[in-house]
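Listed here are the chains, written in short residue letters.
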2 protein chains.
Amino acid sequence: MSEKGILVVFSGPSGSGKDTVLNELVKADSNVKVSVSMTTREKRDGEIDGVHYYFVTREYFEKKISENSMLEYAEYAKNYYGTPAEPVDEMLSQGKSVILKIEVQGAEQIRNRYDDVISIFLMPPSLRVLEQRLRGRGTEDEETIQHRLFIAKEEIRKAYDYDYVVINESIESAVADIEAILCAEKCKIERNKKTVSEVINNV
Amino acid sequence: MSEKGILVVFSGPSGSGKDTVLNELVKADSNVKVSVSMTTREKRDGEIDGVHYYFVTREYFEKKISENSMLEYAEYAKNYYGTPAEPVDEMLSQGKSVILKIEVQGAEQIRNRYDDVISIFLMPPSLRVLEQRLRGRGTEDEETIQHRLFIAKEEIRKAYDYDYVVINESIESAVADIEAILCAEKCKIERNKKTVSEVINNV
């Protein structure tokens, strides 16, 4: 129906499975793209420019900020991280839905810029499941796991600020829910006023 | 996610394919039910009580109105038509989504009673397609067809008052859109506050 793509802010606590779900979603639906962030930090081994991040200089990043060309950005550990507007706008105008995997703070900046952005919060089915997943990685000691669980609990409180909550019971169900949300959003009357008026006026 | 079913007001102009789409939807998804209306008019040949309508006496219908047990009702040609609340509430509490195929006036009455009702308007892809469908029936003369098209145009203007617009390009796509809308609505944060709080509190 609606021809323009939908801009989606996508968040969730560490261990909720954001990357896995988004990878499967993009494979399943060629009309969905995940935005690539821009950063000034050093490229690590195995990282590919334009895939994991756009790796740029500090000078370039600050130029983009001054040109108001960043959808959202923040500085961590003396490096900038953010979402450049241009590729997002281009994908949206091609009818692709664009998913921004960002933190709640970034989500706020996006909402100030786009009035029709939607937001989805990915949740683990329970803290027990989240704990199992964090332990399953086998890379963290007990103290780190307990700290991550504490942070996750705080992060999940932010779900109330999102439009939709998707519970990651399984990758398949989470992907299906997100696809349904995108499909339903395209049917919203706000996105179809032109279509309705074209039918009435027999265009 | 959300355990309670979703109440859906479903409308569309004559010839938009409401019955066909709903029949297929109910076949495809056992969690969706279509509400049966109640009427005081005479049962016609082939009509089954409880399937096409609940056929009741005028006295019984007026009792239901006085008990505030009708979700919506109207009187046409000296007969009452309306939606009894009890079966709808029962299906909703069983987690079934319930579709009310009603007119825009009825939709307004429903909204006054339920604050979380959603509304879907089924549209033909164009007036040309609607005209073809009406002619395809082969049962109406030119004047009737022109009159129906005029009415349809007026009815389509009401689409702006609905939450969602589904364009009946094909039965399959319309059914898929409605299923997506129901799935997305179940992910809305408003319907999941309890779930989020249970995860946070580790229930």
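Every value quoted in this text rests on a predicted model; they were computed, and no experiment measured them.

Criteria and cut-off values
- Residues numbered from 1 in each chain as written.
- Chains lettered and ligands numbered in written order.
- Predicted model: local features only at pLDDT ≥ 70, side-chain atom pairs only at ≥ 80, totals over all residues.
- Pairing = 2+ DSSP bridges.
- Helix = DSSP H or I, 4+ residues; strand = E, 2+ residues; numbered from the N terminus.
- Axes fitted to C-alpha atoms, helices over the stretch in contact; angles between N-to-C directions.
- Parallel < 35°, antiparallel > 145°, perpendicular 65-115°, else oblique.
- Left-handed = near helix turned anticlockwise from the far one by under 90°.
- Contact = placed C-beta atoms within 7 Å.
- Nonpolar A, V, L, I, M, F, W, Y, C, P; charged D, E, K, R; others polar.
- Least-squares fit on C-alpha atoms with pLDDT ≥ 70 in both.

Thoughts on the sheet that holds strand 7 (residues 97-101) of chain A
All names here are of chain A. In space, the five strands of this open sheet follow the order 2-7-1-8-9, with parallel pairing throughout. Only two strands of the sheet have a single neighbouring strand rather than two, namely strand 2 (32-34) and strand 9 (164-167). This sheet shows a mean twist of 25° between the axes of neighbouring strands, independent of strand direction. Inspection of the sheet shows strand 2 paired to strand 7 by three bridges, in the parallel sense.

Quick notes on the packing of helix 5 (residues 127-137) of chain B against helix 6 (residues 142-156) of chain B
Residues and elements named next belong to chain B. Viewed as axis vectors pointing N to C, helix 5 and helix 6 meet at an angle of 140°, and their least axial separation amounts to 10 Å. Relative to helix 6, the element helix 5 lies oblique. For the pair helix 5 and helix 6, the sense of crossing is right-handed. Together, Leu 127, Leu 130, Glu 131, Leu 134 and Arg 135 of helix 5 and Ile 145, Arg 148, Leu 149, Ala 152 and Lys 153 of helix 6 make up the contact between the two elements. Counted by class, the contact of helix 5 with helix 6 contains six nonpolar, no polar and four charged residues.

Some remarks on the packing of helix 7 (residues 171-187) of chain A against helix 7 (residues 171-187) of chain B
Where helix 7 of chain A contacts helix 7 of chain B, the axes come no closer than 7 Å and their chain directions differ by 110°. Comparing their axes, helix 7 of chain B and helix 7 of chain A come out roughly perpendicular. Crossing handedness for the pair helix 7 of chain A and helix 7 of chain B: left-handed. Residues Asp 177, Ala 180, Ile 181, Cys 183, Ala 184 and Cys 187 of chain A of helix 7 of chain A form the contact with helix 7 of chain B, whose own contacting residues are Asp 177, Ala 180, Ile 181, Cys 183, Ala 184 and Cys 187 of chain B.

Comments concerning the relation of the copies chain A and chain B
The second copy of the chain is related to the first by a rotation about an axis and a shift along the axis. By a simple turn and slide, chain A fits onto chain B: the slide is 0.0 Å along the axis, the RMSD is 0.0 Å, and the turn is 180°. Read as a symmetry element, the transformation amounts to a two-fold axis. Proximity to the rotation axis, assessed at the C-alpha, singles out Ala 180 of chain A in chain A; its C-alpha lies 2.1 Å from the axis. Looking at chain A, 100% of its interface residues are interface residues in chain B too, so the copies touch through the same face.

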